Amino acid sequence: MNIDMTKIPSPCYVLEEEKLIANLEVLKRVQEESGCKIILALKGYAMWSTFDLIKNYLPGCTASSLYELKLADETFGRENHIYSTAFREDEFDEVCQLAGHIVFNSVNQWTQFSKKAIDSGASCGLRVNPGISEVATDLYNPCFSGSRLGVRPEHLKGVELAGIEGMHAHALCENMADSSVALIDAFEEKFADYIPWLKWVNFGGGHLITHADYDVDKLIGRIRAFKDKWNKQIYLEPGGAIGWCTGPLITSVLDIVPTDGLDVAILDISATAHMPDVLEMPYRPTITGSGEAGQKNYTYRLGGTSCLAGDVIGDYSFDEALTIGSRLVFEDMIHYTMVKTTMFNGVRHPDIGIWHTDNTFELVRRFNYEDFRDRLS
Ligand SMILES: *Cc1c(COP(=O)(O)O)cnc(C)c1O
């Protein structure tokens, strides 16, 4: 890592511009060589201070709510797509004003809103459920048994689809190219009767295209084959892949307390508030220069600064003893982390900054008391 730590406040999420550009170059190649369009899913990455850069590579965004749609329109302002698990009647006029593509999750929703959506000039689509099982954890698997996401093939029979121009099949999460291929294969098999009538097909997100092990050429080949066969516009809408491994959360030690077990280093961040997937997913984040418990000389349990007893990140070992003020660098804390943070317990929210390609640091956001107060009443 080439970040100069002395220039970074703590705690702080630091987006490394160079790494973001490297990801965007991969996505650009996929678009150029496969003929698909890749749009940014704000759900997974919404750092709009970088959108002027991203606009050079991607043609638009996809939103999953009215507020994400407004943010996409205001800060990106190109193709605006929206899918919602359920649109609200009292928001739908505004959705129609802003969205160029509107995707419905059910036949009911399509029936309820089709007239307004078509009259607005938007291109309408239906989310379908291809019933694949490429995601092991149900929390992240749109196709688990009983999932509410997307229409299954058996529920499409006899449905009035006049006005539907696209189908949307989001069924992956942090998957490699074999799963992208499995999704396209399954869609083609289960929805072949409908494809000739469509203008576009959106194969959703969860394609972890920018992961070092993702076989980009395999994806390109499969999309080209689909296009050659059907001649449709293809969209992908990854979120995580845009911000994948684009920067750390820099933290520091505020205290070290003895317990009846391991000594606990209390950090100036909170797992539950600032890296919630550590508890929710759950997973063990990587800390630069650390080892498993017992592997290096000094082992600590790392805890957050909230009052939640379980606000614990995990047990890590280090070559040197930690002291108050020691810096710890949590890797890959940009995608899905920043979008999910909360102000729980009023603990200081990390700053957000950019480490630019010219090796300068820009502090883009510092959160303050008013931010905490204004989301309460
Ligand atoms: C979550 C989601 C995405 C983005 O998925 P990533 O895993 O971040 O690539 C795209 N489309 C829909 C409908 C989603 O729910």
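Note: the structure precedes this text.
Definitions and cut-offs
- Residues numbered from 1 in each chain as written.
- Predicted model: local features only at pLDDT ≥ 70, side-chain atom pairs only at ≥ 80, totals over all residues.
- Heavy atoms only, no water.
- Buried < 20%, exposed > 50% of the residue type's maximum accessible area, 1.4 Å probe, protein only.
- Helix = DSSP H or I, 4+ residues; strand = E, 2+ residues; numbered from the N terminus.
- Pairing = 2+ DSSP bridges.
- Polar contact = N/O pair within 3.5 Å; in protein donor to acceptor, adjacent residues only side chain to side chain.
- Core = buried A, V, L, I, M, F, W, Y, C linked by side-chain atoms within 4.5 Å.
- Domains from an automatic or database assignment.
- Contact = heavy atoms within 4.5 Å.
- Axes fitted to C-alpha atoms, helices over the stretch in contact; angles between N-to-C directions.

Okay, the pairing of strand 4 (residues 60–63) next. Burial along strand 4 is two-sided: Gly-60 and Thr-62 and Cys-61 and Ala-63, pointing in opposite directions, are all buried. Across 2 bridges, strand 3 (residues 40–41) lies against strand 4 in parallel orientation. Within strand 4, the residue paired with Leu-40 across the bridge is Cys-61. As paired elements, strand 4 and strand 5 (residues 79–84) share 4 bridges and run parallel to each other.

Among the secondary structure elements, Asp-332 is positioned in the loop between strand 16 (327–330) and strand 17 (351–355). A distance of 2.7 Å separates the side chain of Asp-332 from the backbone nitrogen of Cys-245, its partner in a polar contact.

Counting residues in each nonpolar core, the largest one holds 94 residues, and the members touching the most others are Ile-102 and Leu-302. Broken down by element, this core gets its largest block of residues, 6 residues, from helix 7 (residues 216–230). When residues are assigned to domains, this core turns out to be shared by domain 1 (5–13 + 245–373) and domain 2 (17–243), each giving three or more. Ignoring sequence-local partners within four residues, the contact set of Ile-102 consists of Ile-82, Phe-87, Phe-92, Val-95, Cys-96, Ala-117, Ala-122, Ser-123, Cys-124 and Gly-125.

Relative to the elements of secondary structure, Ser-317 occurs in strand 15 (residues 312–318). Among the residues examined, Ser-317 registers a relative accessible area of 0% and is labelled buried. A polar side-chain atom of Ser-317 sits 2.6 Å from the main-chain carbonyl oxygen of Glu-292. Contact partners of Ser-317, with chain neighbours within four places excluded, come to Ser-290, Gly-291, Glu-292, Ala-293, Gly-294, Gln-295, Lys-296, Tyr-298 and Thr-299.

Let us look at the sheet that holds strand 7 (residues 123–127). Spatially, 2-10-9-8-7-6-5-4-3 is the arrangement adopted by the 9 strands of the open sheet, whose pairing is parallel. With partners counted over all chains shown, the strands left at the sheet margins are strand 2 (37–38) and strand 3, one partner each. Inspection of the sheet shows strand 9 (residues 200–202) paired to strand 10 (residues 233–236) by 3 bridges, in the parallel sense. Looking across to strand 10, one finds that Trp-200 is bridged to Gln-233. Along the sheet, helix 5 (residues 107–119) contacts strand 6 (101–104), strand 7 and strand 8 (164–168); its crossing angle with strand 6, the most-contacted strand, is approximately 165°.

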